[in-house]
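# A structural walkthrough
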Amino acid sequence: MVPGEITGIHYLAPETPISIPASFGMMKSMSNTPNLYFNRFLSNLPNFHFPPPGHEFTSQSSCLSNNSTSDEADEEHQLSIIDERKQRRMISNRESARRSRMRKQKHLDELWSQVLRLRTENHTLIDKLNRVTESHEQVLQENARLKEEVVDLRQMLTELQIGSPYTTALRDLE
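Criteria and thresholds
- Residues numbered from 1 in each chain as written.
- Predicted model: local features only at pLDDT ≥ 70, side-chain atom pairs only at ≥ 80, totals over all residues.
- Heavy atoms only, no water.
- Helix = DSSP H or I, 4+ residues; strand = E, 2+ residues; numbered from the N terminus.
- Buried < 20%, exposed > 50% of the residue type's maximum accessible area, 1.4 Å probe, protein only.
- Contact = heavy atoms within 4.5 Å.
- Areas by Shrake-Rupley, 256 points an atom, 1.4 Å probe, with all protein chains shown as cover.
- Salt bridge = Lys/Arg side-chain N within 4 Å of Asp/Glu carboxyl O.
- Patch = residues over 30% accessible without salt bridge, like charges linked within 9 Å, V, L, I, M, F, W, Y side chains within 5 Å.
- Lys, Arg positive; Asp, Glu negative; His and termini not counted.
- Charge placed at Lys NZ, Arg CZ, Asp CG, Glu CD.

### Quick look at the overall build of the protein chain
Helices and strands together make up the secondary structure of the protein chain, namely four helices and zero strands. The buried share of the protein chain, taken over its 174 residues, is 8%. In the protein chain, the share of contacts with a sequence separation of at least 24, taken over all contacts with a separation of at least 6, comes to 45%. For the protein chain, the computed accessible surface area is about 15,400 Å², with 57% contributed by carbon and sulfur atoms.

### Some thoughts on the pattern of salt bridges
What the rule picks out here adds up to six salt bridges. Arg145 is the partner of Glu142 in a salt bridge, and the nearest nitrogen-oxygen pair spans 3.9 Å. You can see Glu142 and its partner Arg145 sitting in helix α3 (residues 59-163), three residues apart, about one turn around the helix. Judged by its relative accessible area of 42%, Glu142 falls in the partly exposed class.

### With respect to a negative patch on the surface
On the surface, Asp71, Glu72, Asp74, Glu75 and Glu76 cluster together to form a negatively charged patch. For Asp74, the location among the structural elements is in helix α3. Judged by relative accessible area, which is 42%, Asp74 ranks as partly exposed.

Everything listed is a geometric property; what it means functionally is a separate question.
This is the structure we're talking about:
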C-alpha cells in the first residue's frame, strides 16, 4: 500500500479503538491479547506515520505526489513491456522471414532440379526421335529399292515369257 492510501484510511477510521476477537484467523499468534486497536495496528506497519492533526486530507494533494512517481514507474514499466513485446515481435518476424527464405530457396532448388530432369528427358526424347527418324528413312529407302526391284523383276519376267516356249507352261502354273 502507498502511505497516502493508509493516511486516507486513518482519517476515515473512528477515534474509538476497534476490538478484534482473539479467534480471528490472522491473529491466532496474538491470542493472548484480547483487544487490538486499529491505530496501533497501523502504526506497526513499515514507513507508516500519522500526519499532524491539523493536516486536512485532500485527495488531490496526496494523489499528485504519490501518483506522479507511481505514474512514472507505471509508464516506465509499460514502456519496458512494450519494448519487450517489440523485441519479441522483431525476433519472431526475423525467424518467420528466415523460414520464408528457406522455403523459397527449397522451392527454387526443387524447380531447378525439375528443370535439369526435364532437360535430360528432353535430350533423351530428341535422341530417340532422331534414331526413329533415321530408321524410318532407312525403311523408306529400302521400301523404294524393293519396289524398283519388283518392277525390274516383273519386266524381266514379262520379257522372258514373251520370248520363251515355256510361257504357256508358266501361265498354267500361276
